[in-house]
Amino acid sequence: MTTTATETKEAAAPKPSLRDFYGAPVEQLSDGNLTLKRYKDGDAEAAYEAATTTLPELIKWMTWASEDYNLESTKGFVTFAQTSWDEGTEYSYGAFVDGAFVGSFSLMAPLEGDGADIGYWLSKPATGKGIATRATKLLIKAAWDANYPNVQIRHDVRNVKSEAIPKRLGFTYLHTKSAVRKGENLEDKLWQLKRESA
């Protein structure tokens with residue numbers, strides 16, 4: 001699970017619309033039995049069920065995850081995801097394997113530089129199967145097709161599972177920076193993949 005621009009927006013300046021600079025990605029991406037689809041109203045219950053399977057892990061890394069996370073929280077996110085897509089500020093997808101909801105992947109305005117941040121989380125049963133790597137590759141292709149110059153992945157330095165994704169996909173490590181989440185002083189690593197080097 002990565003630290004995302006959306007999750008740290010409370011401490012960041014408002015971001016311009018991605019649509020002001022780049023094209024919108026396609027609404028559905030597929031790689032065999034893995035499909036990423038733009039969120040729709042009916043996704044909330046499946047997304048909530050997937051998140052609850054890994055909630056203790058998500059609480060470690062994601063600002064939005066907490067002990068009182070509930071279905072209404074997920075419905076709020078789905079509404080946010082739909083509005084953000086329409087406004088061109090963030091492009092979030094539900095991830096499905098053989099039709100079952102397994103996680104969430106997004107292209108978001110970066111906290112620094114240009115291009116987009118990639119954020120993601122998976123349900124517990126879906127981890128360790130290469131799904132996050134495959135889905136991230138789909139997002140990268142979508143970003144290139146929409147003329148993004150680069151993509152970034154940001155994660156807590158302690159989150160070695162998330163760190164494996166940029167390493168596996170040839171991202172370049174840029175730096176480690178201080179971050180504040182849930183009132184804690186933490187450190188995030190930032191990785192970047194440039195379009196011309198992909």
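In what follows, the accompanying structure is described. (Residues numbered from 1 in each chain as written. Predicted model: local features only at pLDDT ≥ 70, side-chain atom pairs only at ≥ 80, totals over all residues. Heavy atoms only, no water.)

Points about the side chain of Ser92
Turning to step 1, where the next piece is worked out: Structurally, Ser92 is set in strand S3 (residues 90–97).
Turning to step 2, where the next piece is worked out: For Ser92, a relative accessible area of 1% corresponds to the buried category.
Turning to step 3, where the next piece is worked out: Here the side chain of Ser92 touches Glu90 through a polar contact of 3.3 Å, side chain to side chain.
Turning to step 4, where the next piece is worked out: A distance of 2.7 Å separates the side chain of Ser92 from the side chain of Ser106, its partner in a polar contact. (Helix = DSSP H or I, 4+ residues; strand = E, 2+ residues; numbered from the N terminus. Buried < 20%, exposed > 50% of the residue type's maximum accessible area, 1.4 Å probe, protein only. Polar contact = N/O pair within 3.5 Å; in protein donor to acceptor, adjacent residues only side chain to side chain.)

Structural notes on the nonpolar core
Turning to step 1, where the next piece is worked out: Judged by nonpolar contacts, the single largest core of 37 residues is most densely connected at Leu36 and Phe105.
Turning to step 2, where the next piece is worked out: Every element with two or more residues in this core is listed here: strand S2 (34–38), S3, strand S4 (100–108), strand S5 (116–122), helix H4 (131–145), strand S6 (150–156) and strand S8 (184–194).
Turning to step 3, where the next piece is worked out: Residue contributions to this core peak at 9 residues, all from H4.
Turning to step 4, where the next piece is worked out: Among the nonpolar cores identified, the runner-up in size contains 16 residues, and Leu58, Trp61, Met62 and Ala65 belong to it. (Core = buried A, V, L, I, M, F, W, Y, C linked by side-chain atoms within 4.5 Å.)

Description of the pairing of S4
Turning to step 1, where the next piece is worked out: In terms of burial, S4 is largely enclosed, as 8 of its 9 residues are buried.
Turning to step 2, where the next piece is worked out: Of the pairings in the sheet, the one linking S3 to S4 comprises 8 bridges and is antiparallel in character. Of the residues in S4, the one forming a bridge with Phe96 is Phe101.
Turning to step 3, where the next piece is worked out: Linkage of S3 to S4, two consecutive antiparallel strands, is achieved through a turn of 2 residues, within which Asp98 is found at a positive phi near 50 degrees.
Turning to step 4, where the next piece is worked out: As judged from the 6 bridges shared by S4 and S5, these two strands associate in the antiparallel manner. (Pairing = 2+ DSSP bridges.)

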